[in-house]
Amino acid sequence: MPLSRRRFAQAALPLLLSLACATPWAATAGEAAEATICNLYCDGRDPALSPGDRQPVSTTVHSRQITLHLDDADAMGWASIENGAPGDEVWLDRSFDAGRSWPGGSKLGDTTVPAGNRGWRTLMFNVDDWANRGVGLLRACGKAGDRPEIACTAWARVTWNAGDRRTAAATALMGFYNQGTGLFDTSGWWNSANALTALIQNIKVSGMGSYTYAIANTYDRNINAARGQFRNDYIDDTGWWGLAWIAAYDQTKDQRYLNTAKIDADYMASFWDGTCGGGVWWSEAKTYKNAISNSLYIHLNAALHNRLAGDTLYLQRAKQGWAWFKATGMINGENLVNDGINLSTCKNNGDTVWTYNQGVLIGALTELYRATGDKNHKAMAKRIANASTTTPLLHDANGILREPCESNGCGGDGPSFKGAHVRGLAALNALLAKRPYSAYLKRQADSAYAKDRNPQDAYGLHFAGPLDSIDAARQHSALDLMNAAPLP
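Residues numbered from 1 in each chain as written. Predicted model: local features only at pLDDT ≥ 70, side-chain atom pairs only at ≥ 80, totals over all residues. Heavy atoms only, no water.

Draft legend 1. A look at the overall build of the protein chain. Along the backbone of the protein chain there are 13 helices and 13 strands. Relative to its length of 488 residues, the protein chain is compact, with a C-alpha radius of gyration of 25 Å against a globular reference of 23 Å. Along the first, second and third principal axes, the C-alpha atoms of the protein chain reach 85 × 45 × 40 Å. Of the roughly 17,900 Å² that the protein chain leaves accessible, carbon and sulfur atoms contribute 51%. Charge centroids of the protein chain, computed over 47 positive and 46 negative side chains, lie 8 Å from each other. (Helix = DSSP H or I, 4+ residues; strand = E, 2+ residues; numbered from the N terminus. Rg over C-alpha atoms; globule rule 2.2 N^0.38 Å. Areas by Shrake-Rupley, 256 points an atom, 1.4 Å probe, with all protein chains shown as cover. Lys, Arg positive; Asp, Glu negative; His and termini not counted. Charge placed at Lys NZ, Arg CZ, Asp CG, Glu CD.)

This is the structure:
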């Protein structure tokens, strides 16, 4: 739908380490500003005990070099200042929300260069807080004596839970996860459904289950939100959450997730009526029938049929939904899906070709093929996939996927679209023996990884680059892409 309709190298420091071994260390007020965290080891560990020293980022202030050091084996880090003078200050900041804030002003290990030295370093501090499921980042900061200017490195993290580009993207996504709300900060309600779906798919494809806890936490904290059972006044939102709980059921086999998906599908079905011969409405206001709501309806019902022994109801709904969709002409002559129908003509309104309208229908038809074995469904999914992976409407001159709204930032909703698109394309690709879309998906992933990523493996809107800004919607789309593409 139109966006306006939505709300919302290993190196050593022998001098510094020898000083660390020889000099007692006293805690400072900065160290006490944040509670001590204990993982493999507790905060305040001697860097001399570190088995490794990777230095991903550094900066300078008044000729002083400030460096962040990471111990990837123990998931800890420390800061150093060099080429300085006695009285120079150095510390760490630690953030659990992707670098947007740092508790108590951080200043972990805040210390000064002692007399007779030109360099110094902090003690080691944990990057993550495993007991409280906090996914963290560190940066090194410092200043020259009494001069007011402070310099900090970029944020960085250890390779823990980031062994390849898929798991690194998942860990960066979890930097946006809010334990208290069970949702992903910086994005909306339906975007969080997509983020959770991408996270679950990452568990499946990577085998890294570190963030499985987010499934139950999200469910428990939001089961009674809005109209309950993840229903609200936007019918497509309910469909997104229904599919998230299908994914959760597949991963965990917890029956409550499947039950919620059934309730969501039934809620969507209550918005099917005779206007224009069928189809579900986009919202309770009943002002628009569009591609995304109906593609989600087909997909969710077909998925339920494929998981419920003896079902006929959900299969009938999925088949009826597809028959109606096809009859509207929302799939245009170029095998691309426009946004919706004109209620006065009950036909394709010719509105924008968004990426997600392609991918969600591809995924729906793939699921419907699994339900029926009807090769026509697979053939149609392939036609849409072939069109959507080659059209200049959705790609730049180098063939990199681009949303039509990218020139204006895509608002709060559009950054999620490409993730849904590549997710559907990946489902079809997995169904086909020759994996015909693997090269396409890898080209997109290679581009995003090289051109649209910061040092913390957070991604922006433009798979072709440059990096614009980061948020959970942008990040889940990149995670969907990394999940879908073959590893390099």
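Draft legend 2. Fine view of the packing of helix α7 (residues 291–305) against helix α9 (residues 355–372). Following both chains from N to C, one finds α7 and α9 inclined at 25°, their axes separated by 8 Å at the closest point. Classified by the interaxial angle, the pair formed by α7 and α9 is roughly parallel. With respect to the hand of their crossing, α7 and α9 are arranged in left-handed fashion. In this structure, α7 uses A291, I292, S295, L296, I298, H299, A302, A303 and H305 to contact α9, whose residues at the interface are Y356, N357, V360, L361, G363, A364, E367, L368 and A371. For the contact of α7 with α9, the class distribution of residues is twelve nonpolar, five polar and one charged. (Axes fitted to C-alpha atoms, helices over the stretch in contact; angles between N-to-C directions. Parallel < 35°, antiparallel > 145°, perpendicular 65-115°, else oblique. Left-handed = near helix turned anticlockwise from the far one by under 90°. Contact = heavy atoms within 4.5 Å. Nonpolar A, V, L, I, M, F, W, Y, C, P; charged D, E, K, R; others polar.)

Draft legend 3. The sheet that holds strand β5 (residues 108–112), seen in detail. Spatial ordering of the open sheet is given by β5-β4-β8-β9, a layout of four strands whose pairing is antiparallel. The two strands at the open ends of the sheet, each matched to only one other strand, are β5 and β9 (151–152). Of the strand pairs in this sheet, strand β4 (residues 89–95) and β5 are connected by three bridges, and their pairing is antiparallel. Residue pairing across strands places E89 opposite T112, the latter belonging to β5. (Pairing = 2+ DSSP bridges.)

Draft legend 4. Region of the structure containing the state of the cysteines. By the definition in use, this model includes four disulfides. Here C141 engages in a disulfide with C152; their sulfurs sit 2.0 Å apart. Measuring handedness by torsion sign, the sulfur bridge of C141 and C152 sits at about 110° and is right-handed. With C141 in strand β8 (residues 137–143) and C152 in strand β9, the pair connects residues that are eleven residues apart, well separated along the chain. On the accessibility criterion, C152 (27% relative accessible area) is partly exposed. Between the sulfur atoms of C276 and its disulfide partner C346 the distance amounts to 2.1 Å. On the sign convention where negative means left-handed, the S-S torsion of about -75° between C276 and C346 marks this disulfide as left-handed. You can see C276 sitting in the loop between α6 (255–269) and α7 and its partner C346 sitting in the loop between β12 (341–342) and β13 (347–348), a full 70 residues away along the chain. Exposure remark for C276: the relative accessible area of 18% places this residue in the buried category. Relative accessible area serves as the criterion here: at 24%, C346 is assigned to the partly exposed category. (Disulfide = S-S within 2.5 Å. Buried < 20%, exposed > 50% of the residue type's maximum accessible area, 1.4 Å probe, protein only.)

Draft legend 5. Broad picture of the pattern of salt bridges. As enumerated under the stated definition, the model contains 25 salt bridges in all. R307 is the salt-bridge partner of D250, the closest N and O atoms lying 2.8 Å from each other. Highlighted residues: D250 in helix α5 (residues 235–252) and R307 in the loop between α7 and α8 (313–328), separated in sequence by 57 residues. Given the relative accessible area of 33%, D250 is considered partly exposed. Between E367 and R307 there is a salt bridge; the shortest N-O distance is 3.2 Å. One end of the pair, E367, is in helix α9; the other, R307, is in the loop between α7 and α8, and 60 residues separate them in sequence. Accessibility expressed as a relative area gives 24% for R307, which makes it partly exposed. Here the salt bridges do not stand alone but share partners, grouping E89, K107 and D110 into one network. (Salt bridge = Lys/Arg side-chain N within 4 Å of Asp/Glu carboxyl O.)

Draft legend 6. Main features of unusual backbone geometry. With an omega dihedral of 0°, the bond running from G465 to P466 counts as a cis peptide bond. Mapped onto the secondary structure, P466 falls in the loop between α12 (438–451) and α13 (472–484). Positive phi values are uncommon outside glycine, yet K253 reaches one of about 65°. Looking at where K253 falls in the secondary structure, it is placed in the loop between α5 and α6. In this structure K253 comes out as exposed when scored by relative accessible area, which is 55%. Located in the positive-phi region is C346, a residue other than glycine, with phi close to 60°.

Draft legend 7. Broad picture of a nonpolar patch on the surface. Together, L40, Y41 and W160 give the surface a local cluster of nonpolar side chains, amounting to about 270 Å² of exposed area. Here Y41 shows up in the loop between α1 (14–22) and β1 (54–61). Here Y41 falls in the partly exposed class, since its relative accessible area comes to 33%. (Patch = residues over 30% accessible without salt bridge, like charges linked within 9 Å, V, L, I, M, F, W, Y side chains within 5 Å.)

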